[in-house]
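Spelled out from the first residue to the last, the chains are:
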Amino acid sequence: MSCFRGDPNFCSECGNVLPLPGNSDTVRCPRCSFSIPVTEFSGQEIKSEVVFNPMELSSVALKDEEGSELKGALIDRRCSRCNKEGMIYHTRQMRSADEGQTVFFTCIHCRYQEKEDS
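Since the structure is predicted, the reported quantities are computational estimates derived from the model, not experimental observations. (Residues numbered from 1 in each chain as written. Predicted model: local features only at pLDDT ≥ 70, side-chain atom pairs only at ≥ 80, totals over all residues. Heavy atoms only, no water.)

All right, on to the nonpolar core then. Core analysis: the largest hydrophobic core is formed by seven residues, namely C11, C14, L18, V27, C29, I36 and F41. Residues within four places of V27 in sequence aside, it is in contact with L18, P19, P21, F34, S35, I36, V38 and F41. Formed by five residues, the second largest nonpolar core is a distinct cluster that contains C79, M87, F105 and C107. (Core = buried A, V, L, I, M, F, W, Y, C linked by side-chain atoms within 4.5 Å. Buried < 20%, exposed > 50% of the residue type's maximum accessible area, 1.4 Å probe, protein only. Contact = heavy atoms within 4.5 Å.)

Structure (structure tokens):
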């Protein structure tokens, strides 16, 4: 008796993801060598959906003390000064091209700025 049942996209013996059916009459699990006939996949329909965040939630423009705007993508990062969630960020190549970018974060609440070298 098998431990895993219900979805033919997974091996019913070990639970591993099965490869897509090919030219062979069977689909063989790469982990435990269990095989299933290709006919088990007959009539299956695969659906996928992509959901984008609304523009107003993914980008923010704030005015600083001088009246200039702070623009950037809004992320879930906690400010180390005020401890509130929500920072905007932008990246700059500050060093040579073979090194990572520097990421600048600005808190949307207290406007504290942090940087992170990658």
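Here we come to the side chain of E114. Considering the arrangement of structural elements, one finds E114 in strand β7 (residues 113-117). The exposure class of E114 is buried, given its relative accessible area of 14%. At a separation of 2.6 Å, a polar atom in the side chain of E114 contacts the side chain of S80. Discounting chain neighbours no more than four positions away, the residues touching E114 are R77, C79, S80, M87, V103, F104 and F105. (Helix = DSSP H or I, 4+ residues; strand = E, 2+ residues; numbered from the N terminus. Polar contact = N/O pair within 3.5 Å; in protein donor to acceptor, adjacent residues only side chain to side chain.)

Time to look at the pattern of salt bridges. Within this structure, the stated rule accounts for four salt bridges. The salt bridge involving E116 is made with R77; its shortest N-O contact spans 3.3 Å. With E116 in strand β7 and R77 in strand β4 (residues 69-78), this residue pair connects regions lying 39 residues apart in the sequence. Classification of R77 as partly exposed rests on a relative accessible area of 23%. For E99, the salt bridge identified is with R95, shortest N-O distance 3.4 Å. A residue is classified by how much of its surface remains accessible, and R95, at 33% relative accessible area, is partly exposed. Three or more residues joined by partner-sharing salt bridges are found here, namely R77, E114 and E116. (Salt bridge = Lys/Arg side-chain N within 4 Å of Asp/Glu carboxyl O.)

By the definition in use, this model includes one aromatic pair. Summarising the aromatic geometry, the rings of Y89 and F105 are spaced 6.3 Å apart at their centres and angled 40° between planes, so their arrangement reads as tilted. In this pair, Y89 sits in strand β5 (residues 85-92) while F105 sits in strand β6 (residues 102-107), placing the two residues 16 residues apart along the sequence. Accessibility expressed as a relative area gives 6% for F105, which makes it buried. Lying over the aromatic face of F105, R77 brings its terminal NZ or CZ to 3.7 Å of the ring centre. (Phe/Tyr/Trp six-rings, centres within 6.5 Å; stacked < 30°, edge-to-face > 60°. Lys NZ or Arg CZ within 6 Å of the ring centre and 35° of its normal.)

Following the sequence through the fold, L18 ends up in the segment before β1 (26-28). Overall, L18 belongs to the buried group, its relative accessible area being 9%. Sequence-distant contacts of L18, that is, excluding residues within four places in its chain, are made with P8, N9, F10, C11, V27, C29, I36 and F41.

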